[in-house]
Amino acid sequence: MCTYCGCGQPDAHLHHHSHDHEHGADEGSRHIKIEMDILSRNNAFARANRDYFAQQGIFALNLVSSPGSGKTTLLVRTIETLRLSAAVIEGDQQTSLDAERIRQTGVPVQQINTGKGCHLDAHMVGHAVEALAPAAPGVLFIENVGNLVCPAAFDLGEAHKVVILSVTEGEDKPLKYADMFHAADLMIINKIDLLPHVDFNVGRCIEYARRINPDIEVLQLSATTGDGIEAWMEWIRTRAAAFVETAQKAAG
Amino acid sequence: MHELSVCTGLVELLEEQAEVQGFNRVKALWVEIGQLSCIEPEALCFSFESAARDSVAEGAALNIEQAPGQAECLECRASFEALERYAQCPECGSFRLNILGGEELRIKELEVI
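Presented here is a report on the structure given in the accompanying data block. (Residues numbered from 1 in each chain as written. Chains lettered and ligands numbered in written order. Predicted model: local features only at pLDDT ≥ 70, side-chain atom pairs only at ≥ 80, totals over all residues. Heavy atoms only, no water.)

**Notes on the overall build of chain A**
Regarding its fold elements, chain A presents eight helices and eight strands. In chain A, buried positions account for 49% of the 252 residues. By sequence separation, contacts in chain A at least 24 residues apart represent 70% of the contacts at least 6 residues apart. Element-wise, carbon and sulfur atoms account for 49% of the exposed surface of chain A, whose accessible area totals about 11,700 Å². (Helix = DSSP H or I, 4+ residues; strand = E, 2+ residues; numbered from the N terminus. Buried < 20%, exposed > 50% of the residue type's maximum accessible area, 1.4 Å probe, protein only. Contact = heavy atoms within 4.5 Å. Areas by Shrake-Rupley, 256 points an atom, 1.4 Å probe, with all protein chains shown as cover.)

**Regarding the sheet that holds strand β3 (residues 70-73) of chain B**
Hydrogen bonds between backbone atoms are what pair the strands of a sheet, whose relative direction is either parallel or antiparallel. Residues and elements named next belong to chain B. Across the sheet, three strands lie side by side as β4-β3-β5; this open sheet has antiparallel pairing. Both outer strands of the open sheet, β4 (79-81) and β5 (97-101), are each paired with one neighbouring strand and no more. Each strand of the sheet is rotated relative to its neighbour by a mean of 30°, with strand direction disregarded. The pairing of β3 with β4 spans three bridges and is antiparallel. Across the sheet, A71 pairs through a bridge with F80, a residue of β4. (Pairing = 2+ DSSP bridges. Axes fitted to C-alpha atoms, helices over the stretch in contact; angles between N-to-C directions.)

**Things to note about the packing of aromatic side chains**
Two descriptors summarise a pair of aromatic rings, namely the distance from one centre to the other and the angle between the planes of the rings. Evaluated as defined, the whole model comprises three aromatic pairs over all chains. Seen from the ring of F95(B), R211(A) lies directly overhead, with NZ or CZ sitting 3.7 Å from the centre. (Phe/Tyr/Trp six-rings, centres within 6.5 Å; stacked < 30°, edge-to-face > 60°. Lys NZ or Arg CZ within 6 Å of the ring centre and 35° of its normal.)

**A few points about the packing of helix α1 (residues 2-21) of chain B against helix α2 (residues 41-51) of chain B**
Two measures define how a pair of helices packs: the angle their axes make with one another and the distance between the axes. Residue and element names in this part refer to chain B. Running from N to C, α1 and α2 point in directions that differ by 50°, and their axes come no closer than 8 Å. The angle between the axes of α1 and α2 places the two elements in the oblique class. Here α1 runs over α2; the crossing is right-handed. Along the contact surface, α1 presents E3, L4, V6, C7, T8, L10, V11 and L14, while α2 presents A43, L44, S47, F48, S50 and A51. A per-class count over the contact of α1 with α2 returns 10 nonpolar, three polar and one charged. (Parallel < 35°, antiparallel > 145°, perpendicular 65-115°, else oblique. Left-handed = near helix turned anticlockwise from the far one by under 90°. Nonpolar A, V, L, I, M, F, W, Y, C, P; charged D, E, K, R; others polar.)

**Some details on the interface of chain B and chain A**
Often the size quoted for an interface is simply the accessible area lost on bringing the parts together. Opposite the 50 residues of chain B that make contact, chain A presents 43 residues. Of the roughly 4,400 Å² buried between chain B and chain A on both sides combined, carbon and sulfur atoms contribute 57%. Its largest share of buried area at the contact with chain A, chain B owes to R85(B), F95(B) and E109(B), together 13% of the area lost on that side. Remark: the boundary between chain B and chain A carries six salt bridges. Residues R106(B) and E35(A) are paired through a salt bridge, measuring 3.0 Å at the closest nitrogen-oxygen approach. Linking chain B with chain A are 17 residue pairs in polar contact (both at pLDDT 80 or more). Put simply, the parts of the chain that give the side of chain B that touches chain A at least two residues each are α1, β1 (26-34), α2, β2 (61-67) and β6 (105-112) of chain B. The element that contributes the greatest number of residues to the side of chain B that touches chain A is α1(B), accounting for 10 residues. Looking at side-chain class alone, the side of chain B that touches chain A contains 25 nonpolar, 11 polar and 14 charged residues. As paired strands, strand β1 (residues 30-37) of chain A and β6(B) are joined by six bridges and run antiparallel to one another. Within β6(B), the position partnered with K33(A) by the bridge is E109(B). (Buried area = accessible area lost by both parts, 1.4 Å probe. Salt bridge = Lys/Arg side-chain N within 4 Å of Asp/Glu carboxyl O. Polar contact = N/O pair within 3.5 Å; in protein donor to acceptor, adjacent residues only side chain to side chain.)

Remember that the coordinates give geometry; whether it matters functionally is a separate question.
In structure tokens, the structure reads:
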């Protein structure tokens, strides 16, 4: 509980929107009215990343999911199938195990360990991009920390957030983690090869996701068997090509 | 617990403002947190105290105003207060909503010395 509230009412730090009292200034202090987004520092770094990606023609995707949804397996399969210039930023709290898996595909990879941090932020990603110097034009995959809560709030400068949900998880996750499904442009339903063995209603999952985000696109695939991968390749190729074309036009 | 990193960013903003606006210490601040934002007010209060340590905002009173979620139905255009992102239109039952308010994460006012 916050014990620092100045209003002198129980639970007053949670008081509602409209004020019926003045915030009186003590002697020697003054009040400053400002309108400033609390996330504006992260958003400024994200803007800088986005500008850099646009200038260079780097199509960046921010991949978010729960731990264990198969993000890294999907990424390995994607890189092997895509045949476009690609680079990867790997976010994990600890270890470089995922980066090692990506490195074996032969593409450049930069590991970020967030330590106790539960998400990547735009500042970390900016430094990782400097170190990585991804080939341009190309695709940059940013694999976020496995967490469906915190990464929703932190813009990294990506072109799209892609949320990955596997059929071994609950079909109601879009409702439970609404912020993330609201922020994403594409939902990938992974591990569809396991559908005969699990109680997961794909139609209901999509309906829940569209309650949160009516415009969200949906792809169903299995990173292990390769089923549905071609539609995902097409999704990336089409958007990456349009992104690079816009970048080149802007550059004259 | 992204509230802690949100607070770290908030304290950095206050440090910046101290230079720009020429003050030494923040005694109190008023922030607006939308009900549909990703921030839990209690967790924000808890994190702020530790994030503010050894900064211009050490010991500052953090006052949180909650902005209600406001939605407009994309089907029947009814406006209503939305308590959740998956709220249902009370008029026609649709889930297709346009969120008009409640996503705010804003600093509104500072009391400084």
